[in-house]
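An overview of the molecular structure
Spelled out, the chains give:
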Amino acid sequence: MTEADWRASLGWGPDFEAGLAPYAEKGLEPARVILVYRKQLKVLSRRGEHWARTGGRLLHKAESVEDFPAVGDWVAARVPDAGEALVQAVLPRRSAVVRKVAGHQHAPQVIATNIDFLLLVMGLDMDFNLRRLERYLTLSWESRARPVVVLNKADVCDDLPFFLDETKAIAGEAPVHVVSALDGSGLDALSAYVGFGKTTAFLGSSGVGKTTLVNRLVGDGDRLTGELKDDGKGKHTTTTRELVVLPGGGALVDNPGLREVQLWEADEGLSRAFDDIEALGASCRFNDCRHLEEPGCAVQAALAEGTLADDRYDAWQTLQRELESRLKPQRGAPETKRRERVGHGKRRS
Ligand SMILES: Nc1nc2c(ncn2[C@@H]2O[C@H](COP(=O)(O)OP(=O)(O)OP(=O)(O)O)[C@@H](O)[C@H]2O)c(=O)[nH]1
Ligand SMILES: [Mg+2]
Ligand SMILES: [Zn+2]
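From a predicted model like this one, the values you see are computed outputs, not experimental measurements. The written sequence of each chain sets the order in which its residues are numbered from 1. Note on labels: chains are lettered from A, ligands numbered from 1, in written order. In view of the model being predicted, local features appear only for residues whose pLDDT reaches at least 70, and side-chain atom pairs are presented and counted only at 80 or more, with totals across whole chains, interfaces and linings using the full set of residues.

Bringing the site of ligand 1 into the picture now. As a rule, any residue with its backbone-derived C-beta atom within 6 Å of a molecule or strand is reported as near that molecule or strand. Near ligand 1, the surroundings consist of 20 residues, among which Ser-206, Gly-209, Thr-211, Thr-238 and Gly-257 are the closest. Starting at the N terminus, helices and strands are each numbered in turn, a helix being any DSSP run of H or I of at least four residues and a strand any DSSP run of E of at least two. The set of elements that each furnish at least two residues to the shell around ligand 1 consists of helix H6 (210-218) and strand E13 (236-238). When grouped by side-chain class, the residues that make up the shell around ligand 1 number 5 nonpolar, 12 polar and 3 charged. Classification convention: Asp, Glu, Lys, Arg as charged; Ala, Val, Leu, Ile, Met, Phe, Trp, Tyr, Cys, Pro as nonpolar; all other residues, Gly among them, as polar.

This paragraph deals with the nonpolar core. When a protein is soluble and globular, its nonpolar side chains tend to lie buried together. By size, the foremost hydrophobic cluster in this structure holds 86 residues, and its most contacted members are Val-43, Val-75, Ala-77, Val-97, Leu-118 and Leu-120. Sorting elements by how many residues they give to this core places strand E8 (residues 117-123) first, with 6 residues. Two residues form a contact once the distance between their C-beta atoms, set from the backbone, is within 7 Å. Once residues lying within four places of it in the same chain are set aside, the contact partners of Val-75 are Ala-31, Val-33, Val-43, Pro-69, Val-87, Ala-89, Val-90 and Leu-91. The term nonpolar core means buried Ala, Val, Leu, Ile, Met, Phe, Trp, Tyr and Cys residues held together as one set by C-beta atoms within 7 Å. Counting other C-beta atoms within 10 Å of a residue's own tells you its class, since 20 or more makes it buried, 12 or fewer makes it exposed, and anything in between is partly exposed; those C-beta atoms are placed from the backbone.

Let us look at the pairing of strand E5 (residues 85-90). Of all 6 residues in E5, 5 are buried, a share of seventy percent or more. Should DSSP find at least two bridges between two strands, the strands are taken to pair. Of the strand pairs in this sheet, strand E3 (residues 48-54) and E5 are connected by 3 bridges, and their pairing is parallel. The residue of E5 that forms the bridge with Ala-52 is Ala-85. Pairing of strand E4 (residues 74-78) with E5 involves 4 bridges; the strand directions are antiparallel. Within the sheet, the bridge partner assigned to Val-75 lies in E5 and is Val-90. Taking the residues that link successive antiparallel strands as the turn, the E4-E5 hairpin has 6 residues, and the phi of Gly-83 there is positive, at about 90°.

Treat this as a map of the structure, not an account of what it does.
Next up, the structure:
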């Protein structure tokens, strides 16, 4: 494989080329972060895997933990023949999946970057939860990766049409696939999201079958990605997030199950995940309508008519409030201002 083919197989493009240019002049080469373990990184260069550390300049320039290298990043690195590589810069990201760390108002966690497709895996068993899926979709749209909903464990579900309809009703533009990682049904459809030049990440609660799916898609039955931990009940739980390169090109990122998905920033994400409410909002009388009690609110009208489901609206409001309360710089003041503005917005022409 040529250097160019190697890069292309992992999704390299003109955007990264441009990002690398100033560093290439200094003799740095591109590498992709495949593992982050505390302060240590593992990167993949054309010449193989290397342990790496983050250069002081990068750490110094970083304004938040979001700027630190994360799994999936393309970086400019000095890669010696032996010993640790040194990561000097993170190249601008195509996408970044970021959530808020539970219990910390100001702590983002970058789950993975430069993801093309984010496979949101939900089990067609007790795991099924549309409100949680809405969170995942919001996070996905905000990340700029394209979400794909995967309903797994079709083999244990006795009413597939019902669950499929319910899911499609909230999935918006995201495609929905029903599969069974156990018996292999439906998996062919997922091959469109995996392979040469693509990076595909799997997100979902613990036990939904992410690792089983990854193994199926890698096509090597015994290959378990990441580090697996026996939880004592004979179950294997993924504990490490790792980017795995497929034999034919492309990369997969398996993830430990998320217990909670709290949103970090999701303005755009919320609009896209709730494109039905967004579309209705275009007909509200005021263009800054908050869809609460304003006169001429198309969202409230749809609720009254029953064309918009109450629980869908409630879910949107919950996420909206969650984001607002996080973004609020000081308690009190901004809320008052916003309330004053309600109903006094510009009238649509
Ligand atoms: N019935 C059924 N069981 C499945 C299917 N896919 C996975 N499982 C089982 O579900 C359990 C959990 O699967 P994993 O692949 O480890 O789940 P995971 O999402 O990687 O879980 P974490 O690593 O903890 O996040 C295992 O016992 C799998 O055999 C499926 O399609 N049908
Ligand atoms: Mg797993
Ligand atoms: Zn409105």
